[in-house]
Amino acid sequence: MERETTKNGRGADAGRPAQKRNYQRELDKVIEGLEREGKKPRLLLHSCCAPCSSYVLEYLSRYFTITLFYFNPNIYPPQEYQERIGEQERLIREMECAGALGIPVEFQGGEYEPEEFYRAVRGHEGDREGGERCFICYELRLRRAARAAAEGKFDYFTTTLSISPLKNAGKLNEIGERLAAEYGVPYLMSDFKKKNGYKRSTELSARYGLYRQDYCGCVFSREARRGKDGDAGTEGGAAEACEKACEKVDREVAD
Ligand code: SF4
């Protein structure tokens, strides 16, 4: 029997433990419902960087009117922040020109507030990537997105972050659901790496000649990357390590 999708965008999987939920299927159900009703709701899409947003924009702009929200106080150093936000704006312009978007996408840039990030992660500087520091980092960015979505009276909010094989989609969705209840804006559940989303993002990154960073964003991830010996410490090696991790996750999450 087909699972029901609730009005707030949460499927019948909503009460299940995170590791048992299929977020792509939950998103599929929301999209099916919107298509049935002929609706194209407003979505505030938090983006971490141009490469991660490329596939998500291509995919979701067919079903949602998107405002892309760029708030990433974790990024270090400031020049890196400027480079990433510049690439983000260029990508939107070029995808629009190429007719690769369902409908035009608006851009909303948040302030660069690195001190907020350092305050939030104090005491977790030495955590490994993927640990507690990252969960705090996810929430910092998602909370600001939820607030902007509530202020702008958006129908949904979500983030591109789940496209990365190195990010914890279960944790992102758990935080998103909690903030949705707090701010009164439904969170669009997602695991954008599914349906070959990550692979497609690498193709689009190549097509638009996007700058692809070799570290997640914060000074700690940068130091960890720079400090590694061997291939993973080089840009090409990092990309290859990421591809391998992605293939592994794709195999694990395949339906
Ligand atoms: S490694 Fe990435 S997700 Fe984790 S704290 Fe640093 S920037 Fe945030």
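Residues numbered from 1 in each chain as written. Predicted model: local features only at pLDDT ≥ 70, side-chain atom pairs only at ≥ 80, totals over all residues.

A. Just the sheet that holds strand E2 (residues 65–70), in detail. The sheet built from 4 strands is open, its strands ordered E3-E2-E1-E4 with parallel pairing. A strand with exactly one partner marks an edge of an open sheet, and here the two such strands are strand E3 (106–109) and strand E4 (156–159). Within this sheet the neighbouring strands show an average axis-to-axis angle of 25 degrees, counted without direction. As paired elements, E2 and E3 share 4 bridges and run parallel to each other. Note on E3: the bridge partner recorded for Phe69 is Gln108. (Pairing = 2+ DSSP bridges. Helix = DSSP H or I, 4+ residues; strand = E, 2+ residues; numbered from the N terminus. Axes fitted to C-alpha atoms, helices over the stretch in contact; angles between N-to-C directions.)

B. Summary view of helix H8 (residues 219–227). Burial in H8 covers these residues: Phe220, Ser221 and Arg225. Angular distribution of buried residues about the axis of H8 spans 135 degrees; they occupy a single face of the element. Turned more than 90 degrees off the buried face of H8, the exposed positions are Arg226 and Gly227. (Buried ≥ 20, exposed ≤ 12 C-beta atoms within 10 Å, placed from the backbone. Arc of directions from axis to C-beta.)

C. The arrangement of the nonpolar core in detail. In terms of nonpolar packing, the biggest core is built from 58 residues, with Leu43, Leu44, Ala145 and Phe157 touching the most fellow members. The leading source of residues in this core is helix H5 (residues 132–151), at 9 residues. (Core = buried A, V, L, I, M, F, W, Y, C linked by C-beta atoms within 7 Å.)

D. Region of interest: the environment of Asn72. Position of Asn72 relative to the elements: it lies in the loop between E2 and helix H3 (78–97). Sequence-wise, Asn72 and Gly110 are 38 residues apart; in three dimensions their C-alpha atoms are separated by 7.9 Å. Those residues in contact with Asn72 that sit more than four places away from it in its chain are Cys48, Arg141 and Gly217. (Contact = placed C-beta atoms within 7 Å.)

E. Representation of the site of the ligand. The environment of the ligand is formed by Asn74, Glu129, Arg133, Cys134, Cys137, Cys216, Gly217, Cys218, Phe220 and Ser221. Sorting the residues of the shell around the ligand by element identifies H5 and H8 as the ones contributing at least two each. The element that contributes the greatest number of residues to the shell around the ligand is H5, accounting for 3 residues. Across the shell around the ligand, the residue classes tally to 5 nonpolar, 3 polar and 2 charged. (Near = placed C-beta within 6 Å. Nonpolar A, V, L, I, M, F, W, Y, C, P; charged D, E, K, R; others polar.)

F. Region of the structure containing the UniProt feature "binding site: [4Fe-4S] cluster" (unreviewed entry) in the protein. Those residues carrying the UniProt feature "binding site: [4Fe-4S] cluster" (unreviewed entry) are Cys48, Cys49, Cys134 and Cys137 in this numbering. Inspection of the secondary structure puts Cys48 in the loop between strand E1 (42–46) and helix H2 (50–60). Its 25 C-beta neighbours within 10 Å are what place Cys48 among the buried residues. When neighbours within four sequence positions are excluded, Cys48 is seen to be in contact with Asn72, Thr160 and Leu161. (UniProt positions renumbered as here; feature names shortened; annotations may be inferred.)

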